[in-house]
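Secondary and tertiary structure notes
The chain contents come next:
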Amino acid sequence: PAITVGATGTTTFAENASFTTGNIGTLTSATTFPVGHIIQTVFDSSTDDSATGTSEFVFFCTGDITIQRADSDLLIQAVPQLYKSDAGCFVELKLKYKTSGSRSATVGDYTQIASYPRASGSAGAAHWDHPPIHYLWTHGQSVGATLNIAITGTPGTGPLYSNNGNGRSTIVIQEIAG
């Protein structure tokens, strides 16, 4: 239904979702939203450091989200801060997930969503880079599943640093009604 205000001060914003004066409301598995409605947004940022030589590693650019609707999509927008101390360092970035919360330093804990070969690189001097990642993912996960979405990177040459003490990597994940 459209937004309605009940006589008792209860406001209904979506089918089976109501907000009563004094609380933030309740959403259940019976709650329905129109297609394209943003169900939830999560944000995380980090200035923690990690470094690697030539092997893939998990950046400090991760976020956790608990799925509210099985038929939803996730819009993932991330900006990892990379410092490349090797002038010819090309980087392959990957968007990955695992089905439990919190970042893991173990690449093998994650399953690939998308890959960006040579997403970042330069033939110039050592430098900072912050390639934006935007991806709409039909996740296929069950309601209540907690996912950790992460960015990983593999440098062609190294070393490659995530944040390196001066950067702040960010990630925004929005669950969108399908």
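First things first, this report covers the structure right here in the doc. A quick note: this is a predicted structure, and the numbers were derived from the prediction, not measured. (Residues numbered from 1 in each chain as written. Predicted model: local features only at pLDDT ≥ 70, side-chain atom pairs only at ≥ 80, totals over all residues. Heavy atoms only, no water.)

Okay, the side chain of His 139 next. For His 139, the location among the structural elements is in the loop between β12 (133-137) and β13 (146-155). For His 139, a relative accessible area of 5% gives the class buried. A polar atom in the side chain of His 139 sits 2.9 Å from the side chain of Ser 72. When sequence neighbours within four positions are dropped, the list of residues in contact with His 139 reads Ile 67, Arg 69, Ala 70, Ser 72, Asp 73 and Leu 74. (Helix = DSSP H or I, 4+ residues; strand = E, 2+ residues; numbered from the N terminus. Buried < 20%, exposed > 50% of the residue type's maximum accessible area, 1.4 Å probe, protein only. Polar contact = N/O pair within 3.5 Å; in protein donor to acceptor, adjacent residues only side chain to side chain. Contact = heavy atoms within 4.5 Å.)

Turning our eyes to something else, we now look at the sheet that holds strand β7 (residues 73-79). The 4 strands are arranged β4-β15-β7-β12 in an open sheet whose pairing can be described as antiparallel. Because the sheet does not close on itself, it has two edges, and the strands there are β4 (38-46) and β12. Between one strand and the next, the sheet's axes are offset by a mean angle of 10°, whatever the strand orientation. As paired strands, β7 and β12 are joined by 5 bridges and run antiparallel to one another. By the bridge assignment for β12, Gln 77 is matched with His 134. (Pairing = 2+ DSSP bridges. Axes fitted to C-alpha atoms, helices over the stretch in contact; angles between N-to-C directions.)

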